[in-house]
Amino acid sequence: MKIQSAVFEVSSPNLELCPRLALPEFAFIGRSNVGKSSLINMLTGKMNLAKVSDLPGKTRLMNFFIINRNWRLVDLPGYGYAHVAKAERADFNEAVADYLRGRENLAGVFVLVDSRHELHAIDLDFISWLAENEIQFAVIFTKIDKLSASQVQSSMTRFKQTALTDLSPVPTIFASSARTKIGRNDILSHVTKMLKFHQYPI
Ligand code: GDP
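Calculation rules
Residues numbered from 1 in each chain as written. Predicted model: local features only at pLDDT ≥ 70, side-chain atom pairs only at ≥ 80, totals over all residues. Heavy atoms only, no water. Pairing = 2+ DSSP bridges. Helix = DSSP H or I, 4+ residues; strand = E, 2+ residues; numbered from the N terminus. Axes fitted to C-alpha atoms, helices over the stretch in contact; angles between N-to-C directions. Contact = heavy atoms within 4.5 Å. Expected span 1.5 Å × (residues − 1). Near = heavy atom within 4 Å. Polar contact = N/O pair within 3.5 Å; in protein donor to acceptor, adjacent residues only side chain to side chain. Areas by Shrake-Rupley, 256 points an atom, 1.4 Å probe, with all protein chains shown as cover. Nonpolar A, V, L, I, M, F, W, Y, C, P; charged D, E, K, R; others polar. Salt bridge = Lys/Arg side-chain N within 4 Å of Asp/Glu carboxyl O. Buried < 20%, exposed > 50% of the residue type's maximum accessible area, 1.4 Å probe, protein only. Phe/Tyr/Trp six-rings, centres within 6.5 Å; stacked < 30°, edge-to-face > 60°.

Trainee: Describe the sheet that holds strand S3 (residues 62–67), naming the residues involved and giving the relevant values.
Mentor: With respect to topology, 7 strands assemble into an open sheet ordered S1-S3-S4-S2-S5-S6-S7, the strand pairing being mixed. Because the sheet does not close on itself, it has two edges, and the strands there are strand S1 (6–12) and strand S7 (173–175). Neighbour-to-neighbour, the strand axes of this sheet turn through a mean angle of 25 degrees, independent of strand direction. Strand direction decides the pairing type here: S3 and strand S4 (residues 71–75), joined by 5 bridges, are antiparallel. Bridged to Phe65 within S4 is Leu73. Against the sheet, helix H4 (residues 149–163) engages strand S5 (106–114), strand S6 (138–142) and S7, with an angle of about 160 degrees to S7.

Trainee: Quick rundown of helix H5 (residues 184–197)? Include the residues and the values.
Mentor: Taking 1.5 Å of rise per residue, the 14 residues of H5 would be expected to cover 20 Å, and the 20 Å separating its terminal C-alpha atoms lies within 8% of that figure. Packing partners of the buried residues in H5 comprise strand S2 (25–30), helix H1 (36–44), S4, S5, S6 and S7. In the stretch just after H5, Gln199 is the one whose phi turns positive, near 60 degrees.

Trainee: Account for the site of the ligand, naming residues and giving values.
Mentor: The full set close to the ligand counts 15 residues, and Lys36, Ser37, Ser38, Asp145 and Ala178 are the nearest of them. Between the ligand and Ser37, the relevant distance is 2.6 Å, taken from an oxygen atom to a side-chain nitrogen or oxygen of the residue. A distance of 2.7 Å separates an oxygen atom of the ligand from a polar backbone atom of Ala178. Expressed as a share of its isolated accessible area of 580 Å², the protein-covered part of the ligand is 83%. For the shell around the ligand, the class distribution of residues is 3 nonpolar, 6 polar and 6 charged.

Trainee: Give a detailed account of the environment of Arg116, specifying residues and quantitative values.
Mentor: Within the secondary structure, Arg116 is located in the loop between S5 and helix H3 (121–132). On a C-alpha basis, the gap between Arg116 and Lys143 in space is 7.4 Å, while along the polypeptide they are 27 residues apart. Setting aside anything within four residues of it in sequence, one finds Arg116 in contact with Lys143, Lys146 and Leu147. Polar contacts involving the side chain of Arg116 include one to the side chain of Asp114, which spans 2.9 Å.

Trainee: Summarise the pattern of salt bridges; cite the residues concerned and give the values.
Mentor: The tally for this structure, following the rule as stated, stands at 9 salt bridges. Arg116 is the salt-bridge partner of Asp114, the closest N and O atoms lying 2.9 Å from each other. Residue classification places Asp114 among the buried residues on the basis of a relative accessible area of 4%. The partly exposed category is assigned to Arg116, whose relative accessible area is 32%.

Trainee: Before we move on, can you summarise the pairing of S3 with the specific residues and values?
Mentor: Along any regular strand the residues' side chains alternate between the sheet's two faces. Within S3, 5 of the 6 residues are buried, which leaves it mostly tucked inside the rest of the structure. Between the antiparallel neighbours S3 and S4 lie 3 residues, among them Asn68 with a positive phi of about 50 degrees.

Trainee: Which residues make up the packing of aromatic side chains, and what values do they have?
Mentor: Per the counting criterion, the structure on display carries 7 aromatic pairs. Residues Phe141 and Phe159 carry aromatic rings whose centres are separated by 5.3 Å and whose planes lie at 85 degrees to one another, so their mutual orientation is edge-to-face. Here Phe141 is found in strand S6, whereas its partner Phe159 is found in helix H4, with 18 residues between them in sequence. For the pair formed by Phe141 and Phe159, the shared burial category is buried. By way of ring pairs, the aromatic residues Phe28, Phe110 and Phe174 are connected into one cluster.

Trainee: Describe in detail the side chain of Arg31, supporting the description with residues and values.
Mentor: Within the secondary structure, Arg31 sits in the loop between S2 and H1. For Arg31, a relative accessible area of 15% corresponds to the buried category. There is a polar contact of 3.3 Å between the side chain of Arg31 and the side chain of His120. Beyond its immediate chain neighbours, meaning those up to four positions away, Arg31 contacts Tyr79, Leu112, His117, His120, Ile122 and Asp123.

None of the figures reported here should be taken as evidence of function without further support.
See the structure below:
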């Protein structure tokens with residue numbers, strides 16, 4: 001897929017205020033600092049589309065971008081912010097849960113995981129929650145430029161054995177780097193495939 005346009009549409013604090021349906025959506029979510037903004041910028045080829053911020057908790061709204069005028073990329077607020085008050089955290093988790101469970105035009109979910117780190121309990125909790133709610137997803141390993149090829153492989157194997165064993169179908173895992181652009185074509189091809197699968201025009 002060639003990205004011809006990527007335009008910010010709106011930010012929403014809850015499901016009710018999300019933009020009207022019509023376009024299929026692909027949501028991106030992960031722990032704060034996982035590299036989500038960098039990945040979104042890399043995928044869209046727009047370096048400032050999602051603000052890269054070192055300040056955890058800065059993006060706490062659901063951000064909608066229209067891509068090629070025929071699908072939306074949705075930047076969901078990350079989970080696991082150390083600096084956000086508990087009440088506020090719950091609020092946003094609730095909004096994300098509502099979105100993931102209730103958004104009719106949701107065509108795909110990408111869960112981002114930092115390839116360098118051991119899996120965090122919060123990632124496992126989130127993946128279990130998706131499974132319980134029968135929400136299918138793919139996984140994106142981020143920042144693989146920091147690891148050797150064999151480290152990436154063993155990290156992926158460990159992840160499959162720990163987090164994905166009981167899932168059917170087993171989610172696809174993509175390895176990516178915002179620095180080297182590895183993974184870009186595979187992730188965008190997956191989006192194309194899902195658009196076809198859901199019979200949306202491409
Ligand atoms: P977000 O909080 O999930 O949106 O994460 P950011 O995109 O802001 O990235 C968090 C930090 O990781 C920043 O310092 C980025 O420069 C760094 N980072 C993000 N992606 C990559 C990557 O692919 N490779 C490397 N080496 N660093 C990355």
